[in-house]
Amino acid sequence: MKDSRNIQLIGAVGSPYTRKMLSLLRYRRIPHKITWGQPELVIPTLGLELPKPVLLPTFILPEANGDLKAVTDSTPIIRRLEAMSPDRSVLPIDPALAFIDYLLEDFGDEWVTKYMFHYRWHPQADADNAGTLLPLHFRVNLPPEQHEQMKNMIPERQISRLYVVGSNDATAPIIDASYRRYLQAMEAHLKAQPYMLGNRPGAGDFAMVGQLTQLVGFDPTPRAIAHELSPRTVAWTSLMEDLSGLEPGADDWNSTNEMPATLRGILTEVGRMYVPALLANSRAVQAGEKTWEAEIDGALWTQQSFPYQAKCLKWINEQYQALGTEDRARVDGILAGTGCEALLLGNV
Ligand SMILES: N[C@@H](CCC(=O)N[C@@H](CS)C(=O)NCC(=O)O)C(=O)O
């Protein structure tokens, strides 16, 4: 029987963005059905065209004329879901707070994911774990010979792509130190309140938890570090998977004149690591350079230029420019001294 009530997505257990969106759909009580699989194989069976590029997760959503289309990229999909179903929103009502949430979502999607990809494939034990389990997530009864083949093939391909995110022997200690500081900042913040921006979750919470489902729940090295440094993050990661029973109210968002001091710890990590990377990447993309180098946290960081992250910087600035003068002043107050101000100086 055709089921048009449930939104369909295709994704994987080991994909942080799939888990971000599953957690969000559950919290938002949006009826959905997930197919665990590869979009390249599933989408043609639905008679639809593949999105470009194909990413996990891929959503099947109705266009304005009612036709279904396969689409990717969790950030704009979250906004489409808000328009389709406005209750239990993950976007703060106050525009200044909504901007901070947007920044946290971007940090989760684009920087916390560096921890995830680095630990998954850089330490041998983690690469072995992922090589063994990822193929079984697609087919648990995979025949042993095929399993053996994929177990070797997947890590080989992914390890060869570590350079794409800037993970190498020189950056490994910096990524590790950033992950540890991030966990410590989370530990302090979760002591003060249950979500990034109050007593209800925003898009930024879901972006972070998507990555944490992997760091805490799948890969052995970052899991051990999380248990050591932040039991609250470990507990939060489990709780965030299903917030369908939470009853959020409009006054559950923080007010910008009484933000918990602990949020600064997280924003300072954004400013220390993600901001210089975004700025250097954007300059390189604009100059047409294939790679970029920057001093980040006292070490030389080299990686491939990434046009998508140049867009991230542009979008952050567009969101900021769209704020009214008073809202912008409140954002400036929250970001002052965190290093995040540099994003908004127009040096883009
Ligand atoms: N910005 C995208 C990122 C999605 C993404 O990068 N997904 C990864 C896996 S978690 C992917 O499909 N990568 C392509 C590949 O590994 O070939 C989003 O928010 O959905």
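Residues numbered from 1 in each chain as written. Predicted model: local features only at pLDDT ≥ 70, side-chain atom pairs only at ≥ 80, totals over all residues. Heavy atoms only, no water.

Draft legend 1. Representation of the UniProt feature "domain: GST N-terminal" (unreviewed entry) in the protein. Residues annotated by UniProt as "domain: GST N-terminal" (unreviewed entry) correspond here to residues 9–87. The annotated region residues 9–87 carries 39% helix and 22% strand content, and the separation between its end C-alpha atoms amounts to 21 Å. (UniProt positions renumbered as here; feature names shortened; annotations may be inferred. Helix = DSSP H or I, 4+ residues; strand = E, 2+ residues; numbered from the N terminus.)

Draft legend 2. Up close: empty space enclosed by the protein. For the coordinates displayed, the defined rule picks out one cavity of 30 Å³ or more. As for the largest cavity, its lining consists of Thr75, Tyr102, Glu105, Asp106, Asp109, Tyr308, Cys312 and Trp315. For the lining of the largest cavity, the leading source of residues is helix H4 (residues 95–121), giving four residues. Broken down by class, the residue content of the lining of the largest cavity amounts to four nonpolar, one polar and three charged. (1 Å grid on protein atoms, 1.4 Å probe; cavity = no way out; pocket = protein on both sides within 12 Å on 5 of 7 lines; lining within 4 Å. Points joined across faces, edges and corners; volume = space filled by probe spheres on them. Nonpolar A, V, L, I, M, F, W, Y, C, P; charged D, E, K, R; others polar.)

Draft legend 3. Broad picture of the domain arrangement of the protein. Under the domain assignment, the protein is made up of domain 1 (7–84) and domain 2 (95–121 + 164–344). Here the C-alpha centre of domain 2 lies 23 Å away from the C-alpha centre of domain 1. The interface of domain 1 with domain 2 comprises 17 residues on the first partner and 26 residues on the second. Summed over both sides, the interface of domain 1 with domain 2 buries roughly 1,800 Å², with 46% coming from carbon and sulfur. On the surface where domain 1 and domain 2 come into contact, there are six salt bridges. In this structure, Glu247 and Arg29 form a salt bridge, with 2.9 Å as the shortest nitrogen-oxygen distance. Applying the counting rule to domain 1 against domain 2 returns 15 residue pairs in polar contact (both at pLDDT 80 or more). A class-by-class count of the residues in the side of domain 1 that touches domain 2 yields six nonpolar, five polar and six charged. (Domains from an automatic or database assignment. Contact = heavy atoms within 4.5 Å. Buried area = accessible area lost by both parts, 1.4 Å probe. Salt bridge = Lys/Arg side-chain N within 4 Å of Asp/Glu carboxyl O. Polar contact = N/O pair within 3.5 Å; in protein donor to acceptor, adjacent residues only side chain to side chain.)

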